Amino acid sequence: MTIVRNNKYHPKTNPNGIINLGTAENKLNNVELLGRINEASTVTAEQLLYGPNPGSDRLREEVALLLNRHFNPKILLSKENICVGNGCGPLLNLYGQVLFDDGDAVLVPGPYYGGFHADINYGSRVYNISVPHSEDDCLKVDETALEKALKESTRPVKGIIIANPNNPFGRCYSAEQLLLFCNFAKSHGLIVICDEIYGLSTWKEITENNIEKDATRIKTSIDGKLSRYTPIFSLDLPDPVNTHTLWGFSKDFCLNGLRIGVTISYSKVVIDAIQKISFLTCIPTNIDNILVHMLSDHKWTDNFIINNNRKLFKNYIHLTNSLKAHNIPYVKGNAGFFIYIDLHKAGKLNEFDLWMKLLEGGVYISPSQAFFSADTESERNWFRICFAVEQSELNLSLDRLYKVLDNLKK
Ligand SMILES: Cc1ncc(COP(=O)(O)O)c(C=O)c1O
C-alpha cells in the first residue's frame, strides 16, 4: 500500500503512476453523492456539541427503514436494533469485545476478507480459523469441514463470521448454505456474525437486463453455483438472538472515507453492550446529519441504489468481456465490485513475484494472500480486481495487466 500510495496514478499529474484496483472502493457515483452531501454539509452550532454515541434517533430510524425496504427482515427492524459507528471494521472489533473473550477463536470460510483479521484480533484478541470451501465451489462449506476446524482448534471456538455477499468472490451464499452455518452454530453454541456490507450492491438482482453471456468464458475449478442474495434476517433463523449483522455506507453508498458502519441485532443485551462502548466508535454529528439528509429522501436513496447497481453491472460486463477475450478464467459474480481471477497460467512466477511484476507494470490488484488463502498450489495465484472505476481507467489498467502477462509469456 505504501508503494501504491507514494506513486498514485493521476491521468494528468502522474499518468505513469500505479492504478489501484486493489482497494474495494466504488468511484462511480461521485457527482450524485457530492451533490447530495454538499446540500447538507454546513456545520450548525448544535453539531459543535456532543451527539449521541450510537448515532441519532433519526439516523437509526432511517437506517432501519432502509434495511426494512431492501433486506426483507422476518421481524421488522427499528432503531432499537441498530447502533451506528465509524465503519464495519471498528464495529466488528466492538462485536469482538462484547461477544467473545481474549483468546477465543471464530470460524471464517476462507479465503476471506483480510480486514477480518485486524478487525477481530487487534482489539479483541479473537483469532480467525479459516475453514476451506469444497473443491468445486468457492462458497460451499460442508459440515465436515466445520466439524474438523472445530475439533482441531487449540482455542475455544465461539463463533462464525461470514461475509455475504462474499469478499473476495463477489457472489452470494445460498439460503441453504447460510442455514447450514446457522444450524451448525446453534448445535455447537456458537454466535454468528454476518457482514452484509455489500448487501445493496447485489447488482444481478437489483438490475434488469442482467444476462451475462457465458459462451466464451473459461470456467474455473471453483465456479460452483451462483445463488441469489439472501439477507440473513430474511430467513427463519434457528437462533435469531445469537445472530448479528453488520452493514455500512462504505460500499453500497461509496462513502469509504466518511467512515460509517452499522451493527444490527435482535439481542437487547448485545445492542445495550455495544451502545455502552460506542463512545469508542461514534461518528461526527455533521456526518450523522448528512446521512439523515440522504436517507430521509427515500425516492432519491432507492434511485441511487438502482443507478449504482446498473453502473456496477455495466462495468462487470465490460471487465469480464475483456477477460474472456484474453482467455483469463474468472469466478462468475453477482454482487460487490470485484472479480476473482485465476492467473495460474501466467507463467512460472509465484504469486508474490507476479504481484510485484504487476506493480512494476503500474497496476495494483490484490493477491490471494491478502485474503489469507492457504499456501497451496490451488489457492495461490488468484487475484481480486475491483471494477468500480471509470471505464477509461479500467481499460488502461487492463492494458497494463495484459502487457505484464504477455511479457512473462515471452
Ligand atoms: C467484507 C468487508 N467488511 C468490512 C469492510 C470494512 O468496512 P468499513 O469501511 O465500513 O470499515 C470491508 C472493506 O473492504 C469489507 O470488504
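Residues numbered from 1 in each chain as written. Predicted model: local features only at pLDDT ≥ 70, side-chain atom pairs only at ≥ 80, totals over all residues. Heavy atoms only, no water.

The protein chain is annotated in an unreviewed UniProt entry as PLP-dependent transferase of Piromyces finnis.

> Just checking my understanding: could you explain the nonpolar core for this structure?
A general feature of soluble globular proteins is that nonpolar side chains tend to end up buried together. Membership of the largest hydrophobic core comes to 67 residues, with the highest contact counts inside it found for Leu107, Ile232, Trp247, Phe249, Phe253 and Leu255. The residue makeup of this core includes at least three contributed by each of domain 1 (2-33 + 302-409) and domain 2 (46-297). Leave out the neighbours within four places in its chain, and leucine 107 touches Ile129, Val131, Leu146, Ala149, Leu150, Val157, Gly159, Ile160, Ile161 and Phe184. Ile274, Leu319, Leu359 and Tyr364 belong to the second largest nonpolar core, which has 63 residues in total. (Core = buried A, V, L, I, M, F, W, Y, C linked by side-chain atoms within 4.5 Å. Buried < 20%, exposed > 50% of the residue type's maximum accessible area, 1.4 Å probe, protein only. Domains from an automatic or database assignment. Contact = heavy atoms within 4.5 Å.)

> Explain the sheet that holds strand β9 (residues 338-342) here, please?
Backbone hydrogen bonds hold the strands of a sheet together, and the pairing may be parallel or antiparallel. Ordered by their spatial adjacency, 3 strands build an open sheet running β9-β12-β11, and the pairing between neighbours is antiparallel. Both edges of this open sheet fall to β9 and β11 (366-367), since each of them pairs with a single strand only. Two strands pair when backbone bridges link them, and β9 and strand β12 (residues 382-386) are joined in this way by 5 bridges, in the antiparallel orientation. Bridge pairing in β12 places aspartate 342 opposite tryptophan 382. Together, β9 and β12 form the strand contacts of helix α11 (residues 298-325), whose direction differs from that of β9 by roughly 10°. Docked against the sheet, helix α12 (residues 351-360) engages β11 and β12, running at close to 35° with respect to β12. (Pairing = 2+ DSSP bridges. Helix = DSSP H or I, 4+ residues; strand = E, 2+ residues; numbered from the N terminus. Axes fitted to C-alpha atoms, helices over the stretch in contact; angles between N-to-C directions.)

> Please explain the domain arrangement of the protein chain as it appears in this structure.
Quite often, the size of an interface is put as the accessible area lost when its parts meet. Split by domain assignment, the protein chain resolves into domain 1 (2-33 + 302-409) and domain 2 (46-297). Here domain 1 and domain 2 have C-alpha centroids that lie 24 Å from each other. With 38 residues of domain 1 in contact, the opposing surface of domain 2 contributes 50 residues. Taking both partners together, domain 1 and domain 2 bury about 3900 Å²; carbon and sulfur atoms supply 62% of that area. The largest contributions to the domain 1 side of the interface with domain 2 come from Phe313, Lys332 and Asn334, which together make up 19% of the buried area. Where domain 1 touches domain 2, the interface holds 3 salt bridges. Of all the elements in the fold, those that place two or more residues in the side of domain 1 that touches domain 2 are α11, β9 and β12. No other element matches the 13 residues that α11 contributes to the side of domain 1 that touches domain 2. The residue inventory of the side of domain 1 that touches domain 2, partitioned by class, reads 21 nonpolar, 10 polar and 7 charged. (Buried area = accessible area lost by both parts, 1.4 Å probe. Salt bridge = Lys/Arg side-chain N within 4 Å of Asp/Glu carboxyl O. Nonpolar A, V, L, I, M, F, W, Y, C, P; charged D, E, K, R; others polar.)

> Help me understand the side chain of asparagine 381, please; the structure alone is not making it clear to me.
Tracing the sequence through the fold places asparagine 381 in the loop between β11 and β12. We classify asparagine 381 as buried; its relative accessible area is 9%. Among the polar contacts listed, one links the side chain of asparagine 381 to the backbone oxygen of leucine 349, at a separation of 3.3 Å. Filtering out sequence-adjacent residues up to four positions away, asparagine 381 remains in contact with Ile341, Asp342, Leu343, His344, Leu349, Asn350, Glu351, Leu354 and Ser368. (Polar contact = N/O pair within 3.5 Å; in protein donor to acceptor, adjacent residues only side chain to side chain.)

> What is the right way to look at the sheet that holds strand β2 (residues 82-85) in this model?
Read from one edge of the open sheet, 7 strands run β2-β8-β7-β6-β5-β3-β4, paired in mixed fashion. In the strand order of this sheet, the two ends are held by β2 and β4 (127-131), each with one partner. Between one strand axis and the next, the sheet turns by 25° as a mean value, whatever way the strands run. Where strand β3 (residues 105-109) lies against strand β5 (residues 157-163), 3 bridges are found, and the strand directions are parallel. Directly across from alanine 105, in β5, lies its bridge partner valine 157. Sheet contacts for helix α4 (residues 88-99): β2, β5, β6 (191-195), β7 (243-248) and β8 (261-265); angle to β7, the most-contacted strand, approximately 160°.

> Teacher, can you tell me more about the pairing of β3 here?
Put simply, side chains in a regular strand alternate between the two faces of the sheet. Of all 5 residues that make up β3, 5 are buried, and the element is covered over most of its length. Side chains of β3 alternate between two faces, with Ala105, Leu107 and Pro109 and Val106 and Val108 buried alike. The sheet contact formed by β3 and β4 spans 5 bridges and is parallel. Considered in β4, the bridge of alanine 105 is made with tyrosine 127. The β-α-β motif built from β3, the intervening helix α5 (residues 115-121) and the parallel element β4 has right-handed crossover chirality. (Right-handed = clockwise from strand over helix to strand, strands pointing away.)

> How do you make sense of empty space enclosed by the protein when you look at a structure like this?
Empty space among the atoms can be located by rolling a probe the size of a water molecule over them. This structure, assessed with the given rule, holds 4 cavities of 30 Å³ or more. For the largest cavity, the calculated volume is near 60 Å³. Together, Leu67, Phe71, Pro73, Leu77, Glu196, Pro231, Ile232, Phe233, Thr245 and Ile264 line the largest cavity. Of the residues contributing to the lining of the largest cavity, the split by class is 8 nonpolar, 1 polar and 1 charged. (1 Å grid on protein atoms, 1.4 Å probe; cavity = no way out; pocket = protein on both sides within 12 Å on 5 of 7 lines; lining within 4 Å. Points joined across faces, edges and corners; volume = space filled by probe spheres on them.)

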